[in-house]
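The chain contents come next:
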Amino acid sequence: MFRKVLIANRGEIAVRVIRALREMGIPAVAVYSDADRAALHVRMAAEAVRLGPPPSAESYLRGDRILEAARISGAEAIHPGYGFLSENAEFAAACEAAGIAFVGPPAAAIRNMGSKTRARRLAIEAGVPVVPGAEHALRTIEEARSLAAAFGYPVLLKASAGGGGKGMRRVDRQEDLEAGLREAASEAERSFADPEIYMEKLLARPRHVEIQIAGDRYGNMVHLGERECSIQRRHQKVMEECPSPLVSADPDLRRRMGEAAVRIARHAGYANAGTVEFLVDEDLQFYFLEMNTRLQVEHPITELVTGVDLVKLQFELAAGRRLPFRQQDITWRGAALECRIYAEDPDNNFFPSPGLITRLERPAGPGVRLDSGVYQGWTVPLDYDPLLAKLAVHAVNREEAVARMVRALDEYYVGGIKTNLSFFRQILEDREFRCGRLHTGLIDEFFARRERTPPPPAPELEAVAALAAAVYTGSGRNHQPLSSAPPSRWRAAGRTEMLR
Amino acid sequence: MKLTVQVDERVTRLDVVRQGGGCRFRFDGGAEQDATLEEVEPGVYSILLNGRSYEAKIEPGADRLFVAVGGRRFAVQVRDPRAWDPGLKSRCSEGRESISTPMPGKVVRVLVSEGDSVQAGQGIIVVEAMKMQNEMKAPKAGRVVSVDVRPGDTVAAGQVLASVE
């Protein structure tokens, strides 16, 4: 096993990987930008190396500096986490060339799956259905028009190099096609330095279900079941669950999707942990979407229901060990749910809300797992993705998992910045969600049907709030000016006296 | 002590006398009540009132306190009525109101011109921050009297982008 490992990432995922390394008795090397000098992952690591200024392009995306950090610290392996360089085939190849193990698939497998059009061809060759779509990048508007006419509107334009919803456009009418194509290409160019766009038919009310796979370099490969990630906003997942409610409707679906995922991964020459994403339509037909050649954000829910530590497994596989279990050894127990806690304002169009965390109270108790990258007193920088933490729960079934999540959310408190905690409380109460009738448009429909009723009057709560505010103000610690006049210590002292 | 408090939009009265670990108070013209109150952590109060247990968490804001209690969040201003205070008048919608950005970012689009009539809630300016675009909306119906930024401008938190009258 590796004697020292570098984590080429930040935030909650760096903390997650450090935890696995600590349990394995392996020293962890953190890397950080100037915005992250005091970040939790730096505090928790055994060693830390500075990469550069805050922008990702000058720090966490600098593969050369990261390899240099590995060299000077003597790390034998690099775990890329997700995002940043995790799906960069050149970086994986550079690690291999430098004699440092890349904790992930071989560079060739990343390349195979990195282009969406190439991945589609591989899936077709492996005999797995794909969403009807273009077999290659769109070259002309005429070609786009005739393809869209053949599939029927609506269609979806996607960046070939894309991910995370960037460079993606829904087009409902032919007259919008040209503008959509132009916008998608410019966004793809900006986000991925690659303007290549292809087209897919848009499925009606699709569900997003993905399969976790794991394989060693000796040809052994298994699937660890599905995660349903249909609760999305702007094509980004916000809540995930395992099992998918579909599996209780069709218990054979997990086996069929799992086998299809393993076929694709084998065909791509895959090893280590990975995820094959599918769309499932209303007739329970599934279609290959793409493969994520890395650890997924939502991996904890699979860990909760299967009992497999995916990060430790990644290290074992990267170190050349054999897969420690066979397909028939994998079992699924209970139900798990995960909420992605973001620094964003749900009452203001989910606008990012970085800043100082003045208070942090964490949920705990039975069946609660919190993967957090922040602490009280930490200032969330505005340079990166605003994911603060992932809150996951595990219970005997979906109904109890939902109740447990509601309880855990009530215990969770983040002060000083806005978070989407209150949004999760609302969506967990939603009738369609409770019934398990999930689809990728659920959040939009939820917002459309939600009645903006003002909260009911709560005179006792108001009294309590007023009382607490009065006592706090009287204590003289409220340094915020209460009026346009400068704060007076005499007045504060007088208030304190009167409240005695 | 007699105080004027504003809880969200409502301005009302709070009379409070502290007695040891408890206090006797009247709120909003209601009956006199007794509560016990403990500051369990800085800025966090455990309050027992009528046998019910509440935990109120205080977050200081720019000109008011935010109090989280019972799953709700109230904006509270506390005033000593003997102090003259121009800020307490409930926010009136007359006059000029400015539109500012809550965080630093870059202006992507300006959707109106000076002199345009706008509805309350109409998009005025789109600002991009942390790779997300956000439409800054008109706080009231009226006429755009100034547009202070152009597309491509970098703006600081709290900077005024436009004004509506």
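Calculation criteria
- Residues take numbers from 1 onward in each chain, read along the sequence in its written order.
- Working convention: letters from A go to chains and numbers from 1 go to ligands, in the order in which they are written.
- Two thresholds apply to this predicted model, a pLDDT of at least 70 for residue-level local features and 80 or more for giving and counting side-chain atom pairs, whereas whole-chain, interface and lining totals are computed over all residues.
- Under the scheme used here, helices are H or I runs from DSSP no shorter than 4 residues and strands are E runs no shorter than 2 residues, and both carry numbers assigned from the N terminus.
- With C-beta atoms placed from the backbone, the exposure class of a residue follows from how many other C-beta atoms lie within 10 Å of its own: 20 or more, buried; 12 or fewer, exposed; in between, partly exposed.
- Here the contact rule is simple: place C-beta atoms from the backbone, and any two residues whose C-beta atoms are within 7 Å are in contact.
- In this scheme, strands are said to pair when DSSP sees at least two bridges between them.
- When residues are grouped by polarity, Ala, Val, Leu, Ile, Met, Phe, Trp, Tyr, Cys and Pro land in nonpolar, Asp, Glu, Lys and Arg in charged, and all others, Gly among them, in polar.
- Per-residue confidence from the predictor is reported as pLDDT, which spans 0 to 100.
- Geometry is summarised by axes, namely lines fitted to C-alpha atoms with helices restricted to the contacting stretch, and by angles between N-to-C directions that run from 0 to 180 degrees.
- Each angle is binned into one of four classes, with values under 35 degrees roughly parallel, values over 145 roughly antiparallel, values of 65 to 115 roughly perpendicular, and all other values oblique.
- Here a crossing is taken to be left-handed if its near helix is turned anticlockwise relative to the far helix by less than a right angle, and right-handed if that turn runs clockwise.
- Segmentation of the chain into domains, including their bounds, is taken from an automatic or database domain assignment.
- Think of it as the arc spanned by the lines of direction from the helix axis to the C-beta atoms.
- Nonpolar core, as used here: buried Ala, Val, Leu, Ile, Met, Phe, Trp, Tyr and Cys residues forming one set through C-beta atoms within 7 Å.

(A) Broad picture of the overall build of chain A. Across its full length, chain A carries 18 helices and 22 strands. Dimensions of chain A, computed from the C-alpha atoms along their principal axes, are close to 80 × 55 × 45 Å. Out of the 500 residues in chain A, the part that is buried amounts to 49%. Excluding contacts between residues fewer than 6 apart, the proportion of contacts in chain A whose partners are at least 24 apart in sequence is 64%.

(B) Structural detail: the pairing of strand β9 (residues 207-215) of chain A. Residues and elements named next belong to chain A. In terms of burial, β9 is a largely internal element, 9 of the 9 residues being buried. Residues Arg207, Val209, Ile211, Ile213 and Gly215 line one face of β9 and the alternating positions His208, Glu210, Gln212 and Ala214 line the opposite face, and both faces are buried. As defined by bridge partners, β9 adjoins strand β12 (residues 272-280) across 9 bridges and the pair is classed as antiparallel. Directly across from Gly215, in β12, lies its bridge partner Asn272. Pairing analysis gives 6 bridges linking β9 to strand β10 (residues 221-233), with the strands arranged antiparallel. Bridge pairing in β10 links Gly215 to Met221. Following β9, the chain reverses through 5 residues before pairing antiparallel with β10; Gly219 in that reversal takes a positive phi of roughly 90°.

(C) Representation of the sheet that holds strand β12 (residues 123-129) of chain B in the model. Residue and element names in this part refer to chain B. If you walk across this open sheet you meet the 4 strands as β13-β12-β10-β15, and the pairing is antiparallel. Looking at strand neighbours, the two that pair on one side only are β13 (132-137) and β15 (154-155), the edges of this open sheet. Of the strand pairs in this sheet, strand β10 (residues 105-110) and β15 are connected by 2 bridges, and their pairing is antiparallel. Across the sheet, residue Gly105 finds its bridge partner in β15, namely Val155.

(D) Inspection of the interface of chain B and chain A at higher detail. Opposite the 47 residues of chain B that make contact, chain A presents 37 residues. At 6 residues, the largest contribution of residues to the side of chain B that touches chain A is made by strand β6 (residues 52-60) of chain B. Residues belonging to the side of chain B that touches chain A are distributed by class as follows: 32 nonpolar, 6 polar and 9 charged.

(E) Local environment of the confidence of the model for chain B. Residue and element names in this part refer to chain B. For chain B, mean pLDDT is 84; residues scoring 70 or higher make up 91% of the total. Per-element confidence in chain B ranges from a low mean pLDDT of 78 for β13 to a high of 95 for strand β5 (residues 44-49). This stretch, residues 84-93, has a pLDDT under 50; its non-local contacts, to residues over four places away or in other chains, come to 14 contacts. Per the prediction output, this complex has pTM 0.81; the corresponding ipTM is 0.72.

(F) Inspection of the packing of helix α13 (residues 398-411) of chain A against helix α14 (residues 421-429) of chain A at higher detail. Residue and element names in this part refer to chain A. For the pair α13 and α14, interaxial distance at closest approach is 10 Å and the crossing angle is 155°. In terms of their interaxial angle, α13 and α14 are classed as roughly antiparallel. Between α13 and α14 lies a crossing whose hand is left-handed. Of the residues in α14, those in contact with Val402, Met405, Val406 and Leu409 of α13 are Leu421, Phe424, Arg425 and Leu428. Counted by class, the contact of α13 with α14 contains 7 nonpolar, no polar and 1 charged residues.

(G) Local environment of unusual backbone geometry. The peptide bond linking Tyr153(A) to Pro154(A) adopts the cis configuration, its omega dihedral lying at 0°. Take Pro154(A): it is sitting in the loop between α7 (141-151) and β6 (155-159). You will see that Leu284(A), though not glycine, has its phi angle at about 65°, which is positive. Mapped onto the elements of the fold, Leu284(A) is located in the loop between β12 and β13 (286-292). For Leu284(A), a count of 13 C-beta atoms within 10 Å puts it in the partly exposed group. Within the chain, Asp28(B) stands out as a residue other than glycine whose phi angle is a positive 55°.

(H) Region of the structure containing the domain arrangement of chain B. As assigned here, chain B comprises domain 1 (2-83) and domain 2 (97-164). Computed over C-alpha atoms only, the centres of domain 1 of chain B and domain 2 of chain B are separated by 36 Å.

(I) The arrangement of helix α4 (residues 89-97) of chain A in detail. Residues and elements named next belong to chain A. Turning to α4, its buried residues number three or more, namely Ala89, Phe91, Ala92 and Cys95. Looking straight down α4, one finds that the buried residues subtend no more than 165° of arc, so they occupy a single side. Opposite the buried face of α4, at more than 90 degrees from it, the exposed residues are Glu90 and Ala97. Positive phi appears at Gly99, one or two residues downstream of α4, with a value of about 75°.

(J) Expanded view of the nonpolar core. Residue and element names in this part refer to chain A. Core analysis: the largest hydrophobic core is formed by 117 residues, its most contacted members being Leu6, Ile7, Ile78, Ile264, Phe278 and Ala336. By residue number, the principal contributor to this core is helix α1 (residues 11-24), which donates 7 residues. Looking at which domains feed residues into this core, each of domain 1 (5-103) and domain 3 (207-449) supplies at least three. In contact with Ile7, not counting residues within four places along its chain, are Ala14, Val17, Ile18, Ala28, Val29, Ala30, His79 and Gly81.

(K) Seen up close, the sheet that holds strand β8 (residues 197-201) of chain A. All names here are of chain A. The sheet built from 3 strands is open, its strands ordered β7-β6-β8 with antiparallel pairing. The sheet is open, and its two borders are formed by β7 (169-171) and β8, each paired with just one other strand. Strand-to-strand twist across the sheet, computed as the mean angle between neighbouring axes with direction ignored, equals 30°. Where β6 and β7 come together, 3 bridges link them in antiparallel fashion. Each bridged residue has a counterpart across the sheet, and for Leu156 the counterpart in β7 is Arg170. The sheet contacts of helix α8 (residues 177-192) involve β6, β7 and β8, and relative to β6 the element is tilted by about 25°.

(L) Layout of the environment of Pro132(A). All names here are of chain A. With respect to the helices and strands, Pro132 occurs in the loop between α6 (116-125) and α7. Residues Pro132 and Glu361, 229 residues apart in the sequence, show an inter-C-alpha distance of 47 Å. When sequence neighbours within four positions are dropped, the list of residues in contact with Pro132 reads Phe151 and Lys201.

(M) Quick look at the domain arrangement of chain A. Domain boundaries assigned for chain A yield domain 1 (5-103), domain 2 (132-201), domain 3 (207-449) and domain 4 (460-499). When each unit is reduced to the centre of its C-alpha atoms, the spacing between domain 2 of chain A and domain 3 of chain A is 28 Å.

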